[in-house]
Amino acid sequence: MRKWTFRSALVLLCILSLISEQGQHIHAKAESDSQNPVNPPKVEEKLGAVPNGLSTDSDVAKREAESISKRSLRSDAQKFEFQAEVSRLMDIIINSLYSNKDIFLRELISNASDAIDKIRFLALTDKEVLGEGDNTKLDIQIKLDKQNKILSIRDRGIGMTKEDLIKNLGTIAKSGTSAFVEKMQTSGDLNLIGQFGVGFYSVYLVADYVEVISKHNDDKQHVWESKADGAFAISEDTWNEPLGRGTEIRLHLRDEAGEYLEESKLKDLVKKYSEFINFPIYLWASKEVDVEVPADGDESSDEEEKSESSSGEEEESEKGEDEDTEDKPKTKKVKETTYEWELLNDVKAIWLRNPKEVTDEEYTKFYHSLTKDFSDDKPLAWSHFTAEGDVEFKAVLFVPPKAPDDLYESYHDAYKSNLKLYVRRVFISDEFNELLPKYLNFLRGLVDSDTLPLNVSREMLQQHSSLKTIKKKLIRKALDMIRRIADEDPDEAKDKDKKDVENSSDDEKKGQYAKFWNQFGKSIKLGIIEDATNRNRLAKLLRFESTKSEGKLTSLDQYISRMKSGQKDIFYITGVNKELLEKSPFLERLKKKGYEVIFFTNPIDEYLMQYLMEYEDKKFQNVSKEGLKLGKDSKDKELKESFKELTKWWKGVLASENVEDVKISNRLDDTPCVVVTSKYGWSANMERIMQSQSLSDASKQAYMRAKRVLEINARHPIIKELRERVVKDPEDESVKQTAQLIYQTALLDSGFILQDPKDFASRIYSSVKSSLNISPDANVEEEVDVEETESKTETKETADTSKNDADTGTSAVKDEL
C-alpha cells in the first residue's frame, strides 16, 4: 500500500510538471503573438493598492504589471467601436497641438466630484450604499508611478456598471456635439472642452493609452480601455485590486507629457482649477524626514578610544554617568524619503456657507488664497451674497488693500478680469471679461453658478441673457460694497451723524474710504464716463477737496448741504494742483461771497465733467468759463454803459488774438482782468492737456479750441486809467501796446500757454524801459571785436616759449655730451 502511494505521488508530480511547462509555452506564445511585446518592468510593491485596504499578492501584482506594460487591448475583452462623433473628436484632440493641456486634470477631478456627489445623494435615503470601512471616505486620490509613466486618479463615487462604461465613455450626447467638433476644427479653443460634456476625452491630450477601472454596487468590477484608435474594450476585472466602489482612471502618459509626473506640477494644477471642490483631494506625495538609525561600529570604536585617552581622575568622576549611558544604543540621524497622503484643497468654498457664519479671519484667509497675495494686508471690504431668480449664482467680491502698479497704465489697451468663473465649484475661466465692466477690474472675487449654460461656445455665452443679468447684479453689489466703506468710516459721516458712527465703529474703519479713494478713485471717475446707467450711483462715491474742505476729502452730498441759500449751481475749477488753484483769480469774488468751489486736479477730471453735467438737479459750473452767475447787481447796466467804449476798442485791438468779446467781469476782486472760455469749449487746463499728448494733432485741436473772452474788473485802477486814455486818444500806439501786454498777462494768469512767448517778453522789456525812463530808441552797446587780436598775440607768445624751451633742451644735451 505504501509502495502504491509512493508511485502515485511520483506520477502526480510528473503530470504537474508537464502542465506547468505547457502553461509556460502557451504564455510565451501569447507574448509572441502580441503586437507590441514588452518585457514586464519591475513593479513597485502594492502598486495601486488602496491605503489601509486589501493587500495585493504576488500573482495579482504580476498580472497587473503585464496589463500595464502592454499597450494592445486585452485579447479576451469585448470590443466596441466608438461613436462617429467621438472618433472625430479624439482625432482632433490627439492630432492637434495645444498650449494648455493642463485642463485634463480639471475635467477628471470634476467628474470624480460628480460621482461622489451622486453616491452621497443616494446615501441620504439609504446609508447602506456607502458600504463599510474605506468605502465610506468620500475623497479623491491622485497617485504617480514615475517608473511606468502612469498617473492615476481614484474616487469613491457611485462607480459605473458595464453598461455605464459603454454609454458614458463610448458616446457623446447629441446636443451640441456637431457644433463643438466644428468649433474645435476651426478655432482650436481648448477651453471649449468641459462645456459640451466631453471633458473625459481631454485625457488624450497627455495619454496614448487609458484604463478606466470601475466598480458599481449593482455590478462586478470592469475595465474600460482604449488607445483612441477608433475602438475600446471592456472586460471583467479579475487582476486589479478590488476597488470596493468607485472609479480609478489610469493614464499611460506620452513621453512629451512627463511634466505631469512631477508632484509640484499636479499640486499647482489642483490649486488653480479644483481648489474649492467639496471633497478632499489627496496626492501620494514624497517627504523627507529625519530618522534615527544605529551608528556604525567604526564610529563607536573611535568614540571608545577617545574616551579611554581621558585622564584617570575624569574616568572616576564620570564613572557613574558612563554606567547609565552604556546601556543606551548609539544612533545617528539620516534623511529618509517617505510617502504619505497630502491634502491639496484645504481652503473651503466659503461662498457656499451662510455669510453670518463666516468670520472676518476666514474671509481674509480666503482672499489671500484666491488672489495669491500672502501679505498681512486685509482687504478693504468684501461682499458675500446669493442671487436668486432667473439666474441663480453665489459670489464673493473683495476690494484689495492697494492698487496694482500697472492698473491704469494700459487701461484701454488690454483688460484682464480679476473675477473667476466657477460652475459647481469647478474653475472654468478668468477670461470672461463681461462679468464686470472695465472700470471695476480692480475688484477680486469669484462667481459660482449652477445654472449658467456652458453647453455653447464662449462667443455665444458672452451674448447670453443670463450673463448680462449676472453682470447687472454684480455691478450693483460692487457699488453697494464700496459705498458701505464710506458709510462705516467715521471721517465720512456728517456732523449730525458723526458721533453715532464713531460710537458704533472701531478704529479699523477710520480713514478707510480715504485710503480707497487714493488707490481707486480714478476707477470711479472712469465709471462715470463709461457707465451712463450707474452714473448717479458712482457720483455719490466721488471725493474731492474744496475751498471749505480744510484739506480733507468731501462728497457732493456734503457740498450740497453747505450750499448758500439761492445757489443753483455746483462750482468747480480744474488745474494742475490745489496750491495754484487756491491763488486763481477766478475764485476771488466767489471766496469773498462765501461760495464753495471744488478743486479738480487730475487730468481725467476734464473728461469727467464732460459727462457729469448735473447731480441732484444741481448743474455744474466751471468758474473759469463764461456763464457764471452770482446774483444780480443793480449797477451792472451802468458799468456796462460806462465801459462800452473801452470794451469795443479793446476787442478791436485783440482782433488777431482769437478774442470773441470783452466784457465786464462779475468774478474778479483784486485782479485787473482774466481770460475765460466759452461754456462748451475747452478750458485753459484742457488745452494744456491736449497739447501735451504725444500723438496729438495740432491741426485738429484748432477746431476744439474755444473762443476766448476777456473779462475786465471795472473797479480796478489800471482798467479805469486805460479807459481814460482810450477816451483821450484811441489811436495812441503806447496805449495799444499796454492793452496787448495786459491781455497776454491775463492769459498766463488764467492758465493758458502763450503762442508767442518772445512777443510777450519784448513787451515786458519795453514796459521796464519806460518805468526806468529809458528811451525806447536806446540800443544795446556793440561789443568791441578783440577776439582775433588776442588770439594772434597768444599764438606768438606760445611760439616764442616753445622756441626758448627747444634751445634750452639742446644746450642741456650738448652739456651732457
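Residues numbered from 1 in each chain as written. Predicted model: local features only at pLDDT ≥ 70, side-chain atom pairs only at ≥ 80, totals over all residues. Heavy atoms only, no water.

Quick look at the overall build of the chain now. Regarding its fold elements, the chain presents 28 helices and 22 strands. Considering the chain as a whole, with its 817 residues, one finds that 43% of them fall into the buried category. Considering only intrachain contacts with a sequence separation of at least 6, the fraction spanning at least 24 residues in the chain is 74%. If you sum the accessible surface of the chain, you get close to 46600 Å²; carbon and sulfur atoms cover 48% of it. (Helix = DSSP H or I, 4+ residues; strand = E, 2+ residues; numbered from the N terminus. Buried < 20%, exposed > 50% of the residue type's maximum accessible area, 1.4 Å probe, protein only. Contact = heavy atoms within 4.5 Å. Areas by Shrake-Rupley, 256 points an atom, 1.4 Å probe, with all protein chains shown as cover.)

Okay, the side chain of Glu711 next. On the secondary structure map, Glu711 appears in strand S22 (residues 708-712). Of note is the side chain of Glu711, whose polar atom sits 3.0 Å from the side chain of Ser665. Here Arg667 takes part through its side chain, which lies 2.9 Å from a polar atom of the side chain of Glu711. The residues contacting Glu711, other than those within four sequence positions of it, are Lys663, Ser665, Asn666, Arg667, Leu668, Pro672, Cys673, Val674 and Val676. (Polar contact = N/O pair within 3.5 Å; in protein donor to acceptor, adjacent residues only side chain to side chain.)

Below, the discussion takes up the nonpolar core. General note: in soluble globular proteins, nonpolar side chains tend to be found buried as a group. Val399 and Leu474 are the most contacted members of the largest nonpolar core, which has 76 residues in total. Per element, the largest residue contribution to this core is ten residues, and it comes from helix H13 (residues 465-487). Judged by nonpolar contacts, the second largest core, of 68 residues, contains Phe104, Leu151, Ala257 and Phe427. (Core = buried A, V, L, I, M, F, W, Y, C linked by side-chain atoms within 4.5 Å.)

Residues Lys568, Lys619, Lys629, Lys632, Lys637, Lys640 and Lys679 make up a contiguous surface patch of positive charge. Looking at the secondary structure, you find Lys619 in strand S19 (residues 618-622). A residue is classified by how much of its surface remains accessible, and Lys619, at 53% relative accessible area, is exposed. (Patch = residues over 30% accessible without salt bridge, like charges linked within 9 Å, V, L, I, M, F, W, Y side chains within 5 Å. Salt bridge = Lys/Arg side-chain N within 4 Å of Asp/Glu carboxyl O. Lys, Arg positive; Asp, Glu negative; His and termini not counted. Charge placed at Lys NZ, Arg CZ, Asp CG, Glu CD.)

So, about the packing of aromatic side chains. How two aromatic rings sit relative to each other is set out by the distance from centre to centre and by the angle between their planes. Under the defined criterion, the tally for this structure stands at 18 aromatic pairs. Taking 4.4 Å as the distance between ring centres and 20° as the angle between the ring planes, the aromatic pair formed by Phe442 and Phe520 counts as stacked. Here Phe442 is found in the loop between strand S13 (426-429) and strand S14 (444-449), whereas its partner Phe520 is found in helix H15 (residues 512-530), with 78 residues between them in sequence. Comparing Phe442 with Phe520, the two get one shared label, buried. An angle of 40° between the planes, with centres 5.6 Å apart, marks the rings of Phe516 and Phe520 as tilted. You can see Phe516 and its partner Phe520 sitting in helix H15, four residues apart, about one turn around the helix. The two residues Phe516 and Phe520 agree in class, both being buried. Taking the ring centre of Tyr408 as reference, the NZ or CZ of Lys522 above it sits at 5.1 Å. For the cation-ring pair, Lys564 lies above Tyr595, with the distance from its terminal atom to the ring centre recorded as 5.4 Å. (Phe/Tyr/Trp six-rings, centres within 6.5 Å; stacked < 30°, edge-to-face > 60°. Lys NZ or Arg CZ within 6 Å of the ring centre and 35° of its normal.)

What follows deals with the pairing of strand S16 (residues 569-574). Within S16, six of the six residues are buried, which leaves it mostly tucked inside the rest of the structure. The alternating pattern of S16 places Asp569, Phe571 and Ile573 and Ile570, Tyr572 and Thr574 on opposite faces, both of which are buried. Bridging between S16 and S19 involves four bridges; their strand directions are parallel. Directly across from Asp569, in S19, lies its bridge partner Lys619. (Pairing = 2+ DSSP bridges.)

In this section: the packing of helix H22 (residues 644-653) against helix H26 (residues 733-749). Where H22 meets H26, the closest approach of the two axes is 10 Å, and the angle between their N-to-C directions is 80°. Comparing their axes, H26 and H22 come out roughly perpendicular. When H22 is examined against H26, the residues Trp649, Trp650 and Val653 are found in contact with a partner set consisting of Val735, Lys736, Ala739, Gln740 and Ile742. A per-class count over the contact of H22 with H26 returns six nonpolar, one polar and one charged. (Axes fitted to C-alpha atoms, helices over the stretch in contact; angles between N-to-C directions. Parallel < 35°, antiparallel > 145°, perpendicular 65-115°, else oblique. Nonpolar A, V, L, I, M, F, W, Y, C, P; charged D, E, K, R; others polar.)

Moving on, we come to the packing of helix H20 (residues 604-611) against helix H23 (residues 684-691). Running from N to C, H20 and H23 cross one another at 125°; their axes reach a closest spacing of 9 Å. The angle between the axes of H20 and H23 places the two elements in the oblique class. Regarding H20 and H23, the two cross each other, and that crossing is left-handed. Of H23, the residues touching H20 (which contributes Glu606, Tyr607 and Gln610) are Asn685, Met686, Ile689 and Met690. Residue composition of the contact of H20 with H23, by class: four nonpolar, two polar and one charged. (Left-handed = near helix turned anticlockwise from the far one by under 90°.)

Here we come to a nonpolar patch on the surface. A cluster of nonpolar side chains, namely Ile764, Tyr765, Val768, Leu772 and Ile774, defines an oily patch on the protein surface of about 460 Å² accessible area. Positionally, Ile764 belongs in helix H27 (residues 757-771). By relative accessible area, which is 30% here, Ile764 ends up partly exposed.

What follows covers the pattern of salt bridges. Across all of its chains, the model carries 28 salt bridges by this definition. A salt bridge links Glu492 to Arg543, with the nearest nitrogen and oxygen atoms 2.8 Å apart. Here the residue Glu492 occupies a position in the loop between H13 and helix H14 (495-504), and Arg543 occupies one in the loop between helix H16 (535-539) and strand S15 (545-546), the gap between them amounting to 51 residues. By sharing partners, the salt bridges in this structure join Asp102, Glu259 and Lys265 into a single network.

Burial in helix H7 (residues 263-273) covers these residues: Glu263, Leu266, Leu269, Val270 and Tyr273. In a view along the axis of H7, the buried residues occupy a sector of 130°, so they form one face of it. The secondary structure elements touched by the buried residues of H7 are helix H4 (103-123), strand S2 (140-145), strand S3 (150-155), strand S8 (281-294), strand S9 (331-343) and S13. (Arc of directions from axis to C-beta.)

Listing the buried residues of H22 in full gives Leu646, Thr647, Trp649, Trp650 and Val653. Along the axis of H22, the buried positions cluster into a sector of 165°, meaning they face one direction only. Within H22, the exposed residues directed more than 90 degrees away from the buried face are Lys644 and Lys648. Along its buried surface, H22 packs onto strand S20 (659-664), S22, helix H25 (717-728) and H26.

Pairing within the open sheet is mixed, and its three strands lie in the order S20-S22-S21. Since the sheet does not close on itself, it has two edges, and those belong to S20 and strand S21 (673-677), each with one partner. Direction aside, neighbouring strands of the sheet carry axes that sit 25° apart on average.

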